[in-house]
Amino acid sequence: MLLVRPIHEPDFLSKYNLGVETHITRDDVKEGYEKYLPFVHGVHLPYKEVNFAAIDENLRQRGLEFVKRAADEAVKYPVDRVVMHPCGIMRSNGEVIGIYGKLIDSLREIADHLAAKGLTVCLENQLYKQPDIRVVFACHSEEWFQLYSDIARPNVKLCFDSSHAASCAAEEDTDEKRLAALWKYLEHPDYIGRFHWSDSRITGGESLYRDMHLVPGQGDLPREFHQAILNHPAQKLLEQRCTSEEVAAGLEFIAGL
């Protein structure tokens, strides 16, 4: 079953056999959310104003408690895993505000909290932003894989976000190198437990610093790359804020892969 955001009508979801991924503290507090409850097959934990790497210990602890409370809500749903941003900010506007070791400690604590509830956490590769504005951990594929290895918890997997990957791979200076950097994110398929599946426009570096989240088939990521995502057994979210007609077009593209 493919998932979408909870923004489409139930009749549409039923017609195309789609589930939804709900974002705790965002989707679940909206008016009319109840109609999506039968369709929830994915859960995303919050990340706003959270920095698990924070040097400021009070800030780090507030983030931990906030995400743990949201994790407690996840057990209401028929899921065996949740998705989460690593939420590790190293620099903001040139100032160092986070440390990698604190990030690892925090993510181990979150993983242990979820393990007690029988849940696995899947950590997303992060959106690549202009380094003079913000530097976050786990944007590049190497950092993302290292994060997985350093946490070293059996209930930790990765969530591959193809739009985020395109924002990072686009920093390379040729299209050949950009595509090679993109493919590196799939070098360890056994690490990956979820996908956030979008298209992007990587040619000429257009996706640099941009979270394009295009419907599959609307960008220029290689067809073979989409096929590799489709063929992986992990659950996939079509993570676009778009019309139902655009989702249907994306499903047609996917069916033709």
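Not measured: the values here are computed from a predicted model. (Residues numbered from 1 in each chain as written. Predicted model: local features only at pLDDT ≥ 70, side-chain atom pairs only at ≥ 80, totals over all residues. Heavy atoms only, no water.)

Caption draft 1: Fine view of the layout of surface pockets. The computed volume of the largest pocket comes to approximately 570 Å³. In terms of lining, the largest pocket is formed by 30 residues, of which the most central are Y47, H85, Q126, K129 and H164. If you list the elements that add at least two residues to the lining of the largest pocket, you get β2 (19-23) and β8 (134-136). Ranked by residue count, the leading element in the lining of the largest pocket is β2, at three residues. The class makeup of the residues in the lining of the largest pocket is eight nonpolar, nine polar and 13 charged. (1 Å grid on protein atoms, 1.4 Å probe; cavity = no way out; pocket = protein on both sides within 12 Å on 5 of 7 lines; lining within 4 Å. Points joined across faces, edges and corners; volume = space filled by probe spheres on them. Helix = DSSP H or I, 4+ residues; strand = E, 2+ residues; numbered from the N terminus. Nonpolar A, V, L, I, M, F, W, Y, C, P; charged D, E, K, R; others polar.)

Caption draft 2: Representation of the side chain of S200. Counting through the fold element by element, S200 comes out in the loop between β10 (192-197) and α7 (223-231). Look at S200 and you get buried, because its relative accessible area is 0%. For S200, the contacting residues outside a window of four places in its chain are A166, S207, M212, L214, G219, D220 and L221. (Buried < 20%, exposed > 50% of the residue type's maximum accessible area, 1.4 Å probe, protein only. Contact = heavy atoms within 4.5 Å.)

Caption draft 3: Region of interest: the nonpolar core. Grouped together as the largest cluster of nonpolar side chains are 71 residues, with contacts concentrated most on V43, F52, M84, L123 and F160. Top element by residues in this core is helix α3 (residues 100-115). It accounts for six residues. Setting aside its immediate chain neighbours within four residues, V43 contacts E21, T22, I24, A74, Y77, V79, V82 and V83. (Core = buried A, V, L, I, M, F, W, Y, C linked by side-chain atoms within 4.5 Å.)

Caption draft 4: Representation of α7 within the structure. For α7, the set of buried residues is F225, H226 and I229. Buried positions in α7, seen along its axis, are confined to an arc of 100 degrees and lie on one side of it. (Arc of directions from axis to C-beta.)

Caption draft 5: Layout of unusual backbone geometry. Non-glycine residue T25 carries a positive phi angle of around 80 degrees. For T25, a relative accessible area of 37% puts it in the partly exposed group. The residue A152 is not glycine, and still its phi comes out positive at about 55 degrees. With respect to the secondary-structure elements, A152 resides in the loop between α4 (141-151) and β9 (156-161).

Caption draft 6: Spatial organisation of α3. Compared with the 22 Å implied by 1.5 Å per residue over 16 residues, the 22 Å span of α3 between its first and last C-alpha is a close match. All of the buried residues along α3 are L103, I104, S106, L107, I110, A111 and L114. Buried residues of α3 fall within an arc of 165 degrees about the axis and therefore sit on the same side. (Expected span 1.5 Å × (residues − 1).)

Caption draft 7: Region of the structure containing the packing of α3 against α4. The geometry of α3 relative to α4 is characterised by a closest axis approach of 10 Å and an angle of 60 degrees between their N-to-C directions. In terms of axis orientation, α3 runs oblique to α4. Judged by the twist between their axes, the crossing of α3 over α4 is right-handed. In this structure, α3 contributes Y100, L103, I104, L107 and R108 to the contact, and α4 contributes Q146, L147, D150 and I151. Class assignment for the residues of the contact of α3 with α4 results in six nonpolar, one polar and two charged. (Axes fitted to C-alpha atoms, helices over the stretch in contact; angles between N-to-C directions. Parallel < 35°, antiparallel > 145°, perpendicular 65-115°, else oblique. Left-handed = near helix turned anticlockwise from the far one by under 90°.)

Caption draft 8: Quick look at the pattern of salt bridges. Tallied over the full model, the rule gives 17 salt bridges. The residue R60 makes a salt bridge to E57 at a minimum N-O spacing of 2.8 Å. Residue R60 and its partner E57 are both found in helix α2 (residues 57-74); the two are separated by three residues, about one turn of the helix. Note that E206 is salt-bridged to R201, the shortest N-O span being 3.0 Å. By relative accessible area, R201 is classed as partly exposed at 29%. (Salt bridge = Lys/Arg side-chain N within 4 Å of Asp/Glu carboxyl O.)

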